[in-house]
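What follows is each chain in one-letter form.
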Amino acid sequence: MPIRSLVVDDEPLARRRVLRLLREEPDAEVVGSAATGDEAVEAVRALSPDLLLLDVQMPGRDGFGVLESLGADDLPHVVFVTAYDHYALRAFEVHALDYLLKPFDAARFHQAFGRAREQIRRRETREHRRRLIGLLGELAGRGDTAGVREAGAAPPDAPQPVERLLVRSEGRILFLRTEEIDWVGAQGNYAELHVGAATYLIRETMGELEARLDPRRFLRVHRSTIVNLDRVRELRPWFGGDYRVALLDGTELHLSRVYRSRAAERLGMPL
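How each quantity is defined
- Residues numbered from 1 in each chain as written.
- Predicted model: local features only at pLDDT ≥ 70, side-chain atom pairs only at ≥ 80, totals over all residues.
- Heavy atoms only, no water.
- Buried < 20%, exposed > 50% of the residue type's maximum accessible area, 1.4 Å probe, protein only.
- Helix = DSSP H or I, 4+ residues; strand = E, 2+ residues; numbered from the N terminus.
- Pairing = 2+ DSSP bridges.
- Axes fitted to C-alpha atoms, helices over the stretch in contact; angles between N-to-C directions.
- Contact = heavy atoms within 4.5 Å.
- Patch = residues over 30% accessible without salt bridge, like charges linked within 9 Å, V, L, I, M, F, W, Y side chains within 5 Å.
- Areas by Shrake-Rupley, 256 points an atom, 1.4 Å probe, with all protein chains shown as cover.
- Salt bridge = Lys/Arg side-chain N within 4 Å of Asp/Glu carboxyl O.
- Lys, Arg positive; Asp, Glu negative; His and termini not counted.
- Polar contact = N/O pair within 3.5 Å; in protein donor to acceptor, adjacent residues only side chain to side chain.
- Phe/Tyr/Trp six-rings, centres within 6.5 Å; stacked < 30°, edge-to-face > 60°.

Draft legend 1. Seen up close, the pairing of strand β12 (residues 225–228). Residues Thr 225 and Val 227 point to one face of β12 and Ile 226 and Asn 228 to the other, with burial holding for every one of them. Summarising the sheet, strand β8 (residues 183–187) and β12 pair through three bridges and their orientation is antiparallel. Along β12, the bridge assignment pairs Gly 185 with Thr 225. Bridge analysis of strand β11 (residues 218–222) against β12 gives four bridges, and the strand direction is antiparallel. What sits directly across from Leu 219, in β12, is Val 227. Between β11 and β12, which follow one another and run antiparallel, lie two residues.

Okay, structure coming up:
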């Protein structure tokens, strides 16, 4: 049975090389190729490939964005093609997902294709989809990814406080320990993590992130602000019953009256 394969890479030379290597596999049937994430989503839905060789780093919609745009039933078997460093590759390894680290040689390509062939022929598609969904959930900083959950699956149990978040920055995935976060600000449906002089965006609302952070360490002080209590130097009364929250690095945040009683309860003293 031929393995219907789709190649996605924004670099023409890289795309042609993967296509050439695929043609060396006697049971590989190349059904198409795509140069952008949007093209990839359309091609997967139109062609229903068995195997997707997917470049992770692409302008606009990247490889993860492609998978997030597909429903669970549309997810084919995936081999990631990436230039990420070895630390970020742990995310793939933890979820038992194969990848090709650029630059790779022909032997490594044929090894990855052979593994994919074996899993496809053993009809392990559902398990592979489960691992893909797990990866996407981890990258999004929560236990599942909206729109990419198995049909009929029960909602996950309330998660334990997370100890780390995976954030994308300049083409890499960083493993960020939550204890390193100074404070969090809202940016629409995104949360902006402030870590020293650096900031990182993750696709998660403040409510979702607050529910996953350790309540013993993090406190919501405003509808658009969460603060790491270990970074707070002092609280200063402000106008109208509000407070200013001064951090160790000199940053000042706003504790609103709406969240004052919650802060008082957490701190064990009236405000």
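Next, the rest of the story.
Draft legend 2. Geometry of the sheet that holds strand β1 (residues 3–8). In space, the five strands of this open sheet follow the order β2-β1-β3-β4-β5, with parallel pairing throughout. Each end of this open sheet is capped by a strand with a single partner; those strands are β2 (28–34) and β5 (99–101). Taking each pair of neighbouring strands and ignoring which way they run, the sheet shows an average axis angle of 20 degrees. Summarising the sheet, strand β4 (residues 77–82) and β5 pair through three bridges and their orientation is parallel. Bridge pairing in β5 links Val 81 to Leu 100. Along the sheet face, helix α1 (residues 12–23) touches β1, β2 and β3 (51–55) and points at about 170 degrees away from the line of β2.

Draft legend 3. Main features of a nonpolar patch on the surface. Among the surface-exposed residues, Leu 235, Leu 267 and Met 269 lie close enough to one another that they form a single nonpolar patch of about 240 Å² accessible area. Here Met 269 shows up in the segment after α8 (260–267). Judged by its relative accessible area of 48%, Met 269 falls in the partly exposed class.

Draft legend 4. Region of the structure containing the side chain of His 128. Tracing the sequence through the fold places His 128 in helix α6 (residues 125–139). Note on His 128: relative accessible area 2%, which makes it buried. What His 128 contacts, discounting residues up to four positions off in sequence, is Pro 76, His 77, Val 78, Leu 97 and Gln 119.

Draft legend 5. Up close: the side chain of Arg 15. Checked against the element boundaries, Arg 15 lands in helix α1. As a buried residue without a salt bridge, Arg 15 has its nearest oppositely charged side chain in Asp 9, at a separation of 5.7 Å.

Draft legend 6. Here's a closer look at the pattern of salt bridges. Counted by the stated rule, this structure contains 25 salt bridges. The salt bridge involving Asp 214 is made with Arg 216; its shortest N-O contact spans 3.0 Å. The buried category is assigned to Asp 214, whose relative accessible area is 14%. Taking the relative accessible area as the measure of exposure, Arg 216 reaches 70% and is therefore exposed. The network of salt bridges with common partners includes Arg 233, Glu 234, Arg 236, Arg 244 and Glu 252.

Draft legend 7. Local environment of the environment of Arg 4. Along the chain, the position of Arg 4 falls in strand β1. For the pair Arg 4 and Asp 27, spaced 23 residues apart in the sequence, the C-alpha separation amounts to 8.7 Å. Beyond its immediate chain neighbours, meaning those up to four positions away, Arg 4 contacts Glu 29, Val 31, Leu 47, Ser 48, Pro 49, Asp 50 and Leu 51. From its side chain, Arg 4 meets the backbone oxygen of Leu 47 in a polar contact 2.7 Å long. In this structure the side chain of Arg 4 is engaged in a polar contact, spanning 3.1 Å, whose partner is the backbone oxygen of Ser 48.

Draft legend 8. Fine view of the packing of aromatic side chains. Applying the stated criterion to the full structure yields three aromatic pairs. Look at Phe 64 and Phe 80: their rings are 6.1 Å apart centre to centre, the planes differ by 45 degrees, and that puts the pair in the tilted class. You can see Phe 64 sitting in helix α3 (residues 63–69) and its partner Phe 80 sitting in strand β4, a full 16 residues away along the chain. The burial state of Phe 64 is the same as that of Phe 80; both residues are buried.

Draft legend 9. Main features of the sheet that holds strand β14 (residues 243–247). Spatial strand order, β13-β14-β15: three strands in an open sheet with antiparallel pairing. The open sheet has two free edges, formed respectively by β13 (232–237) and β15 (252–255), since each of these has just one partner strand. For this sheet, the mean inter-axis angle between neighbouring strands, taken without regard to orientation, is 25 degrees. In terms of strand pairing, β13 meets β14 through five bridges, oriented antiparallel.

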